[in-house]
Amino acid sequence: MTDVTTEAAENPLLAGLTLRRIPEPCVISIFGASGDLTKRKLIPALYALAANGYLPEQIAIVGVARTPSSDAEFRETMRAAVEEHGREPFRTDVWESLEAGMRYVATDFTAEGGEQPLVEVLNELDETSGTLGNRIYYLAIPPGIIEPTVVQIGEHRSTGGWTRLIVEKPFGRDAASARELNQLLTQHFDESEIYRIDHYLGKETVQNMLVLRFGNGIFEPIWNRLMVDHVQITVGESLGIEGRAGFYEQAGAIRDIFQNHLLQLVALTAMEPPIDFTSESVRNEKVKVLRSIHTPAPIEVVRGQYGPGFVEGEEVPGYRQEEGVSPDSLTETYVAAKLHVDNWRWADTPFYIRTGKRQPRRETTIAIQFKRAPHPPFEIDHADALRPNVLLIHIQPDEGISLTMSAKAPGHGMTIRPVHMDFWYGGAFRSGLPEAYERLILDCMLGDPTLFTRADEVEEQWGLVDAVAAAWKRERPVFPNYAAGTWGPAAADELLHRDGRSWRRH
Amino acid sequence: MIENATIRAIESELSRLDSDGMEPGECARRTRVLTHVAWVPRRWEEAALAVLGGLGDRHPSRTIVLFPDPEEQRDALDAEVSVERFGYGRGEPAIASEVICIWLRGPRAKAPASVVQPLLVSDLPAFLRWRGELEPGSPELDQLVAVVDRLVVDGGEWDDPAATYGRLGELFERVAISDIAWSRLLPWRRAVARLWPDIAEAQRLEVGGPEAEALLLCGWLRGRLGHEVALHREDREQLERVEVDGLAARPVGAEPLSPVELLSAELELFGRDRIYEEAVRSLP
């Protein structure tokens, strides 16, 4: 943001033109170019940016992987990927302009001199495509080869222009490894050059959370322990592990979703207003929340693993029957926890959070449940009829916000019924919502790390996960403990029932 | 068509259409974000309706299209009311967009604001798209400007852009203004801005394009650079060439926007565009 102001001050013709900043010329090198993420998300995102005029003329994309292939094959595969997965209609002219700067380098960064083919291509592109030595390295690679890759990139970084590194999750597997990785990265790159990506933060509705809270005068005064009874955050997936047994057996729900997406949603929900929307201000406030969360007691954390069941009418296997999963696996596919954000705003206001695979439906929501009306003067027909207000933020799908409130049902008696007041994002803003990766890649190209995770955030998140995982080591769970197609184990319901509460009805 | 319509009859028809074809308990989502008023003299009917046809899907709104017909003998309003529903993807509920077309017959054409005001959606921004010639000071324009937040015009629709721009400044203190001709210039302004600082002392602007765009571009440069810039123009239907002191500006990126996209973009703007106002005030 500051850059725009400075540029505009120097160039009076830029005033009023700052709505759309076009990034500087650069080369984006994607490590893991033969992987699914590149085909399904990254190249379609770059195509959408090009189609909407967000990319500079001088841009090049280099796919880097061990798999032997050629420039022509890479272009052909990526074209098919854009046609299949792109959210924009395919336009030959846009594609041709993008593929003109597209190269593929088959190399192994763990081998001696493995970096040389890439270095040569990047230098050549600087000459032929005018990319000025500006480079983004997108690391979509397994943790095992991060280190040699980072070292080689760091040692052969461009002498002119800027360098930025996007690092995909998993960012470590515990606090110690995350710290180690941070140390490795900062040996070769400045923190301002490191972009740890959590694609949830690129979602429009997650960003809208900040607008909802800090752009509307009515919510912030009631967004605290005095008015809020508790908060529920749900990240439910109806899918199983989709062939990712190798990864999932090691990670489990706590490292796959809880450590990053769930804790980021807690931070965005609980944070104090930042003084401005610069990256440091926003991330400072998020870190304060993460530091305020104290380790939940063992009884406040529930883990689960799905057994066979039915999802959308289809019979699905249990986790232990999935291909590649150990038949006596103790990996959790579900986590629920009661968190305490110990600060002035949220003292004694629990945050109940949960995530699971093979849930009845895909749903990410944040529910702010307010305290009940203190003294309703009506004689009501059912004690349960007068429910507390709930502000429900739908992150996905059906992005939007709804407020549940009580209304009198027509008729002579005083019958009260809960009703919804809905704001549906897609119904108010008909332009298609950009994919999270579009926003995040563009932000990185523009040098804006606001929506990326900082080193201290990651370490705080892992600190919490480590504490939970340490307690888990002391006992052997009885798995499976919930059927596929249900909202998790009975113990998760008990977690709230003990407090006289329940998960909200879906 | 509701002949001799009243506001009450229009509202009743809207209510009926809102629930028409729905099962009991079911309704299309009626999130509204604005009221869009369009003033459409007969000459512009076809073009206006073509653009409106593409807008409903982008901006869930209430659109009120006013067709002035002052020559008509009758002193009456005729109206057509429709509710368009747009699905936003497989399995998702439709959203509804309301379109109210009103023909202002005879003397009614002189009091358009009194027709529009009771139909504005409360507490949401109201935009007025004024089609064709703009006459600052005319009673119809004055009335409508007083009840909307933003006036959207297109200098390219005017017979004498220099003269009309000369009077446009009268409105700046009363309403925020969008000019679609100015929007069409956006990629060109970006391209010219990229010529900085080589054009800091520019003296000459050459444009191959329509008069409105050429004037605005020149006014913009004069206003921003703070000195005189001479304009040399070759008439073209669309903006094709811009050179500043012999340096060519080359827009990059997406295809030029369609009329629907241009108007749609204007309906997302709020507040005054001070750079535009400066450009208009600095016209050669």
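Structure shown above.
Keep in mind that this is a model prediction, so the values were computed, not measured.

> What exactly am I supposed to notice about the overall build of chain B here?
Counting its regular elements, chain B contains ten helices and eleven strands. Here chain B holds 284 residues, and the buried ones make up 51% of them. Put simply, of all contacts in chain B between residues at least 6 apart along the chain, 82% involve residues at least 24 apart. Of the roughly 13000 Å² of accessible surface on chain B, a fraction of 46% belongs to carbon and sulfur atoms.

> Help me understand the sheet that holds strand β9 (residues 230-234) of chain B, please; the structure alone is not making it clear to me.
Paired through backbone hydrogen bonds, the strands of a sheet run either parallel or antiparallel to each other. Residues and elements named next belong to chain B. The strand order across the open sheet formed by four strands is β9-β8-β10-β11, and the pairing between neighbours is mixed. Edge positions in the open sheet fall to β9 and β11 (247-248), since each of these has one partner strand only. Sitting on the sheet, helix α8 (residues 211-225) is in contact with β8 (204-208), β9 and β10 (241-244), with an inclination near 160° to β8.

> Please clarify how a nonpolar patch on the surface should be interpreted in this entry.
Taken together, the side chains of Met405, Val419 and Met421 of chain A present a nonpolar region at the surface, about 230 Å² in accessible area. A residue is classified by how much of its surface remains accessible, and methionine 405 of chain A, at 30% relative accessible area, is partly exposed.

> I would appreciate a short explanation of helix α4 (residues 92-99) of chain A in the present structure.
What sets the pattern is the α-helix's 3.6 residues per turn: residues three or four places apart point alike. For α4 of chain A, the full list of buried residues reads Val94, Trp95 and Leu98 of chain A. Viewed end-on, α4 of chain A has its buried residues packed into an arc of 95°, placing them on one side of the element.

> How do you make sense of the pairing of strand β1 (residues 34-39) of chain B when you look at a structure like this?
Regular strands have side chains that alternate between both faces of the sheet. Residue and element names in this part refer to chain B. Most of β1 sits out of view: six of its six residues are buried. The side-chain alternation of β1 yields two buried faces, one formed by Leu34, His36 and Ala38 and the other by Thr35, Val37 and Trp39. By the bridge criterion, six bridges tie β1 to strand β2 (residues 61-69) in an arrangement that is parallel. Of the residues in β2, the one forming a bridge with valine 37 is isoleucine 64. Strand direction decides the pairing type here: β1 and strand β5 (residues 126-130), joined by five bridges, are parallel. By the bridge assignment, valine 37 is partnered in β5 with leucine 128.

> Sorry if this is basic, but what is going on with the side chain of glutamate 88 of chain A here?
Residues and elements named next belong to chain A. Following the sequence through the fold, glutamate 88 ends up in the loop between α3 (71-85) and α4. Here the side chain of glutamate 88 touches asparagine 52 through a polar contact of 3.0 Å, side chain to side chain. Excluding anything up to four places from it in sequence, glutamate 88 contacts Tyr47, Ala48, Ala51 and Asn52.

> Even after reading the chapter, I still don't get empty space enclosed by the protein, so can you show me in this structure?
Taking a probe equal in size to a water molecule and rolling it over the atoms shows the remaining empty space. Residue and element names in this part refer to chain A. Counted under the stated rule, the structure contains five cavities of 30 Å³ or more. Estimated volume of the largest cavity: approximately 120 Å³. Lining the largest cavity are 13 residues, and of these Phe171, Ile197, Asn260, Thr453 and Val458 sit closest to its centre. Every element with two or more residues in the lining of the largest cavity is listed here: α9 (245-270) and α13 (455-472). Residue contributions to the lining of the largest cavity peak at three residues, all from α9.

> Explain the sheet that holds strand β1 (residues 26-31) of chain A to me, please; I cannot follow it from the model alone.
All names here are of chain A. Here we have six strands laid out as an open sheet, ordered β3-β2-β1-β4-β5-β6, and parallel in their pairing. Bordering the open sheet on either side are β3 (102-106) and β6 (194-196), each of which pairs with just one other strand. The sheet shows a mean angle of 20° between the axes of neighbouring strands, taken without regard to direction.

> Help me understand the packing of helix α2 (residues 36-51) of chain A against α3 of chain A, please; the structure alone is not making it clear to me.
For any two helices packed against each other, the geometry comes down to the angle between their axes and how far apart the axes lie. Residues and elements named next belong to chain A. Where α2 contacts α3, the two axes come as close as 8 Å, and the packing angle between them is 85°. Between α2 and α3, the interaxial angle falls into the category roughly perpendicular. Residues Thr38, Lys39, Arg40, Ile43, Pro44 and Tyr47 of α2 form the contact with α3, whose participating residues are Thr77, Met78, Ala81, Val82 and His85.

> Looking at this structure, I do not really get the packing of aromatic side chains. What am I missing?
Two aromatic rings, taken as a pair, are described by how far apart their centres are and by the angle between their planes. All names here are of chain A. As enumerated under the stated definition, the model contains 17 aromatic pairs over all chains in all. Relative to phenylalanine 109, the ring of phenylalanine 31 lies with its centre 5.1 Å away and its plane at 85°, an arrangement referred to as edge-to-face. Taken together, the residues phenylalanine 31 in strand β1 and phenylalanine 109 in the loop between β3 and α5 (116-129) connect sequence positions 78 residues apart. Pair check on accessibility: phenylalanine 31 and phenylalanine 109 agree, each one buried.

> Mind showing me how you'd approach the pairing of β8 of chain B here?
All names here are of chain B. Counting buried positions over the five residues of β8 gives four, a clear majority of the element. Two elements, β8 and β9, share five bridges in a ladder whose sense is parallel. Residue arginine 204 lies in a different strand from β9, and its bridge partner there is alanine 230. Between β8 and its parallel partner β9, the chain crosses via α8, and the hand of that crossover is right-handed.

> Just checking my understanding: could you explain the pattern of salt bridges for this structure?
Charged atoms that come close allow side chains of opposite charge to pair. Counting across every chain of the model gives 56 salt bridges over all chains. Here glutamate 285 of chain A makes a salt bridge to lysine 288 of chain A, at a shortest N to O gap of 3.3 Å. Here lysine 288 of chain A and glutamate 285 of chain A lie together in helix α10 (residues 279-292), a separation of three residues that amounts to about one turn. Take lysine 288 of chain A: its relative accessible area is 47%, and that puts it in the partly exposed class. The closest approach of N and O atoms between glutamate 363 of chain A and arginine 361 of chain A, which form a salt bridge, is 2.8 Å. The exposure class assigned to arginine 361 of chain A is partly exposed, which follows from its relative accessible area of 38%. In this structure, a network of salt bridges that share partners links the residues Arg204, Glu206, Glu234, Arg236, Glu240, Arg241 and Glu243 of chain B.

Scoring rules and cut-offs
Residues numbered from 1 in each chain as written. Chains lettered and ligands numbered in written order. Predicted model: local features only at pLDDT ≥ 70, side-chain atom pairs only at ≥ 80, totals over all residues. Heavy atoms only, no water. Helix = DSSP H or I, 4+ residues; strand = E, 2+ residues; numbered from the N terminus. Buried < 20%, exposed > 50% of the residue type's maximum accessible area, 1.4 Å probe, protein only. Contact = heavy atoms within 4.5 Å. Areas by Shrake-Rupley, 256 points an atom, 1.4 Å probe, with all protein chains shown as cover. Pairing = 2+ DSSP bridges. Axes fitted to C-alpha atoms, helices over the stretch in contact; angles between N-to-C directions. Patch = residues over 30% accessible without salt bridge, like charges linked within 9 Å, V, L, I, M, F, W, Y side chains within 5 Å. Salt bridge = Lys/Arg side-chain N within 4 Å of Asp/Glu carboxyl O. Arc of directions from axis to C-beta. Polar contact = N/O pair within 3.5 Å; in protein donor to acceptor, adjacent residues only side chain to side chain. 1 Å grid on protein atoms, 1.4 Å probe; cavity = no way out; pocket = protein on both sides within 12 Å on 5 of 7 lines; lining within 4 Å. Points joined across faces, edges and corners; volume = space filled by probe spheres on them. Parallel < 35°, antiparallel > 145°, perpendicular 65-115°, else oblique. Phe/Tyr/Trp six-rings, centres within 6.5 Å; stacked < 30°, edge-to-face > 60°. Right-handed = clockwise from strand over helix to strand, strands pointing away.

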